[in-house]
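So the chains spell out like this:
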Amino acid sequence: MGIEVSGECARTGYCVRVAPELFTLEPGGERVSVREIADGEDSEHLVEAALDAEATCPLGAIVVTGADSGAG
Amino acid sequence: MSSSTIALIDRLDDAMHVLRGGSFVQILPESGHGAEYTAALVHGSVLHLDGEAHFERRRLLSLLFRRKVLVDYEHTVLVPALERISRDIGRIATGDPSGDEERDGGGLRLDLLQLCREAFIDLFSRLVGFEGLETRESRAAMLADFTDYEIGFRAKYIADPATAVERALASKDRILARHFDEPWQRRALVFESGEIDEALPDDLIAILLRNREHYLQWGDDASWQEAMLFMVASIGSTGNAICHAVADLLDWSGEDPDRLQQLEDPALLSRAFRDSVRLHQTNHLLRTATKDSTLPSGMTVSAGAIVAVNRAAVNRELESRSDAPDRRFAPDRTLEEGLRDIGLSFGDGPHSCIGRTMVLGDRGTRREGQDEDGLEGLAVATLLHLFRTGVRRIPDDPPTRVSEMAREMWARFPVIMGPREHRDRT
C-alpha cells in the first residue's frame, strides 16, 4: 500500500484525526507527513485507516494505492 | 471593523486564510444577509456545521465517497444513464417517431440543462436512496419541483427570499412524499430489527438511519436537509456547470478542425471543465469571524464581523498568475507553481465540496497504468457523451438565466443534439 499527500492539502488535520497512526501534522501546522508502510505491514486496520483518511480529506489530497481502493 | 459590516475578500491569499484557518465559521442565521431564510433548508446539513460537529459529519458521509464506491457509481450508474440518453437521442433523431422532441435538421432540439439533470437523477438516487424515479413522467415531475427547491436553496441571492423558501419547502414536501418517505420507513423497520449489515452502508438513507442520534442533535429536519443538499449539489450545481462548460468549449472551438477534434479528448475536457468551473462561480462565500484576525493583505477583521469571499474575483486572479493572462477561458493555461486551477470553485478548507472527486475524477493524480481503473469524473464523462452526440447551440434560441437570481444560474439552455455526421455546428 502506498499513501501520498498531494499539493491540494489544506492542512485541515482531518486525516490526522482519522488515522493518527499514519498521518502527522508537523509542528507549526505547515505540513502533513505520512509515515512509511513497511513491506508486509498492510494490516487490515492500516488499510482501512488509510482509505478512511483518503475519503474524509475535504480536499481530496490523499491518494492511496495498492490497497483495496480501486486505485490500482 | 464592526460586526455590522461585511468585509469583502477579493484576494486569493486572504480567501485561503479565511476558508482554511480556524478563525471563521459559516454565517449564522441571526447574522442576516439571507442566512435567516436559508437556515430552514440547510440548518442541520453538513453545509452548516463547523468544528467538531463538521468533522464528525464529514467522516460519516465519507463512506459514500470512498474511491472504490465512486468508481462503482461511475461505471454502473452514471455511464449507463448517459448511454441510455445518447441512444434515445440517436434513435429519435434518425426517425423513431416516439417522444415529443422537436427535430432540427439531423438533430433534436433539447434543453441541455434538463438533459443533464435527468442524466444525474440515477446517480443521485443511488447516492441517497431515493426511489420511484424510473419513469420519464416521475423524473419530469420531480425535476419540476426540484427547480423551485434549488431557487429557494439559493435564496440569499434573490430579492424575495421569503417567498422562494416557502415555495422550496412546499416542493420539498412533494419530493419527499414521492421518493424518500417510503424507502426511509421501510429501511427504518429493517434497521430497527437489527438485520441491516452494519459494515456496508451503501447510501445516504442508511447513514442517516445508522447515525440517527447524531442527526437528531439538529432536529428532525436534519435528515431531509442532508438529502436535499445532496440533490442540489449532484443535480443542480453540476448541471449548471456542465452547461457553462459546453458553452465555453463551443465558443473556444468555433470552426477550427483541430479544436473540434479535441472536443472528444477526455484530457482536454478535464482541463476545460476545470477552467470553466473556475469562471462561473459568481456567489460569495459568507463567514463569521470568531476572533480578531489580520489577513495576509494586512486587512484586519474583528471578532463577530461577517466576511464575504468574492469567488469570482479570487478565481479571476488565477488568470493574471498564468501564461494566458489575457484569456478568460483557456484550457491550455499553465499557472504559477503551487496554484490550483479550480481556484475556489469547490470551496476550500474543511468545507470543500464533498463531491468534488466524484465530479472532477482522478485524472490529476492517476498514475501510469491506472487508466482502466480510473475515475473519469461526472463532468468529463458527461461532456464526452455530449460532444460525441454532437451537441451544438441554436443561434436563434439563446440560453436564458433565472432572472431573479443575482448569481449565474441557467433557466434553460437550448441545444441541438444528433449524430455527428449531421452536425451543423454553430
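Rules and cut-offs
Residues numbered from 1 in each chain as written. Chains lettered and ligands numbered in written order. Predicted model: local features only at pLDDT ≥ 70, side-chain atom pairs only at ≥ 80, totals over all residues. Heavy atoms only, no water. Helix = DSSP H or I, 4+ residues; strand = E, 2+ residues; numbered from the N terminus. Rg over C-alpha atoms; globule rule 2.2 N^0.38 Å. Buried < 20%, exposed > 50% of the residue type's maximum accessible area, 1.4 Å probe, protein only. Contact = heavy atoms within 4.5 Å. Areas by Shrake-Rupley, 256 points an atom, 1.4 Å probe, with all protein chains shown as cover. Lys, Arg positive; Asp, Glu negative; His and termini not counted. Charge placed at Lys NZ, Arg CZ, Asp CG, Glu CD. Salt bridge = Lys/Arg side-chain N within 4 Å of Asp/Glu carboxyl O. Polar contact = N/O pair within 3.5 Å; in protein donor to acceptor, adjacent residues only side chain to side chain. Phe/Tyr/Trp six-rings, centres within 6.5 Å; stacked < 30°, edge-to-face > 60°. Lys NZ or Arg CZ within 6 Å of the ring centre and 35° of its normal. Pairing = 2+ DSSP bridges. Disulfide = S-S within 2.5 Å. Axes fitted to C-alpha atoms, helices over the stretch in contact; angles between N-to-C directions. Parallel < 35°, antiparallel > 145°, perpendicular 65-115°, else oblique. Left-handed = near helix turned anticlockwise from the far one by under 90°. Nonpolar A, V, L, I, M, F, W, Y, C, P; charged D, E, K, R; others polar. Expected span 1.5 Å × (residues − 1).

Caption draft 1: Spatial organisation of the overall build of chain B. Scanning chain B from terminus to terminus reveals 16 helices and 12 strands. A compact globule built from 426 residues would reach a C-alpha radius of gyration of about 22 Å, and chain B, at 22 Å, matches this within 12%. The dimensions of chain B, computed from C-alpha atoms along their principal axes, are 65 × 60 × 50 Å. Classification of the 426 residues of chain B by burial places 57% in the buried group. Contacts in chain B between residues at least 24 apart in sequence constitute 71% of all its contacts with a sequence separation of at least 6. For chain B, the accessible area works out to roughly 17600 Å², and carbon and sulfur atoms hold 50% of it. One way to put it: in chain B the 53 positive side-chain charges average out to a point 2 Å from where the 71 negative ones average out.

Caption draft 2: Summary view of the interface of chain A and chain B. Listed per partner, the contact involves 25 residues of chain A and 24 residues of chain B. Our count for the contact surface shared by chain A and chain B stands at five salt bridges. Here R340(B) ties to E8(A) by a salt bridge, and the two come within 3.7 Å at their closest N and O atoms. Applying the counting criterion to the chain A and chain B interface returns seven residue pairs in polar contact (both at pLDDT 80 or more). Of all the secondary structure elements, the ones that give two or more residues to the side of chain A that touches chain B are α1 (14-18), α2 (44-56) and β4 (62-65) of chain A. Here the side of chain A that touches chain B gets six residues from one element, more than from any other, and that element is α2(A).

Caption draft 3: Structural context of the packing of aromatic side chains. All names here are of chain B. Within this structure, the stated rule accounts for seven aromatic pairs over all chains. With a centroid separation of 6.4 Å and 35° between ring planes, the pair formed by Y149 and F153 is classed as tilted. Pair noted here: Y149 and F153 are both in helix α6 (residues 136-153), with a separation of four residues, about one helical turn. Pair check on accessibility: Y149 and F153 agree, each one buried. Ring-pair connections join several aromatic residues into one group, and the members of that group are F124, F130, F180 and W184. Between the NZ or CZ atom of R57 and the centre of the ring of W218, over which it lies, the distance is 4.9 Å. We note K172 situated over the ring of W224; from NZ or CZ to the ring centre the distance is 4.1 Å.

Caption draft 4: A look at the pairing of strand β1 (residues 6-9) of chain B. Residues and elements named next belong to chain B. The side-chain alternation of β1 yields one buried face, formed by A7 and I9, and one unburied face, formed by I6 and L8. Taken together, the four bridges between β1 and strand β8 (residues 306-310) define a ladder with parallel strand orientation. From the neighbouring strand, L8 faces β8, where its bridge partner is A308.

Caption draft 5: Quick look at the environment of R388(B). With respect to the secondary-structure elements, R388(B) resides in helix α16 (residues 378-388). Taking the C-alpha atoms as reference, R388(B) lies 6.6 Å from E264(B); in sequence the two are 124 residues apart.

Caption draft 6: Local environment of unusual backbone geometry. Even without glycine at this site, R11(A) takes up a positive phi of about 55°. For R11(A), a relative accessible area of 30% puts it in the partly exposed group.

Caption draft 7: Molecular detail of the state of the cysteines. All names here are of chain A. Summed over the entire model, instances satisfying the criterion amount to zero disulfides over all chains. Residue C9 stays outside any disulfide, its sulfur separated by 6.4 Å from that of C15, the closest cysteine. Residue classification places C9 among the buried residues on the basis of a relative accessible area of 15%. Of the cysteine sulfurs around C57, a residue in no disulfide, the closest is that of C9, at 6.5 Å.

Caption draft 8: Summary view of the packing of α6(B) against helix α7 (residues 161-179) of chain B. Residue and element names in this part refer to chain B. Orientation of α6 relative to α7, taken along the N-to-C sense of each, is 150°, at an axis distance of 7 Å. One element, α6, and the other, α7, form an angle in the roughly antiparallel class. Between α6 and α7 lies a crossing whose hand is left-handed. Between α6 and α7, the residues in contact are S138, A141, M142, D145, F146, D148, Y149, I151 and G152 and A164, V165, R167, A168, S171, K172, R174, I175, R178 and H179, respectively. Here the contact of α6 with α7 is composed, by residue class, of nine nonpolar, four polar and six charged.

Caption draft 9: The packing of α7(B) against helix α11 (residues 222-253) of chain B, seen in detail. Residues and elements named next belong to chain B. Taken N-terminus to C-terminus, the directions of α7 and α11 make an angle of 95°; their axes are 12 Å apart at the nearest point. If you check the angle between α7 and α11, you find them roughly perpendicular. Of the residues in α11, those in contact with L169, K172, I175 and L176 of α7 are W224, M228 and M231. Residues belonging to the contact of α7 with α11 are distributed by class as follows: six nonpolar, no polar and one charged.

Caption draft 10: Geometry of α2(A). End to end, α2(A) covers 18 Å across 13 residues, agreeing with the expected 18 Å (1.5 Å per residue, within 8%). Taken together, the buried positions of α2(A) are occupied by L46(A), V47(A), A49(A), A50(A), L51(A), D52(A), A53(A), E54(A), A55(A) and T56(A).

Caption draft 11: Region of the structure containing the sheet that holds strand β2 (residues 24-26) of chain B. All names here are of chain B. Across the sheet, four strands lie side by side as β1-β8-β5-β2; this open sheet has mixed pairing. The strands lining the two open edges of the sheet, one partner per strand, are β1 and β2. Direction aside, the axes of adjacent strands within the sheet are offset by 35° on average. Where strand β5 (residues 284-289) lies against β8, five bridges are found, and the strand directions are antiparallel. If you follow L286 over to β8, its bridge partner there is A308. Packed on one face of the sheet, helix α1 (residues 12-20) meets β1, β2, β5 and β8 and runs near 125° to β8. The sheet contacts of helix α14 (residues 311-320) involve β1, β5 and β8, and relative to β8 the element is tilted by about 45°.

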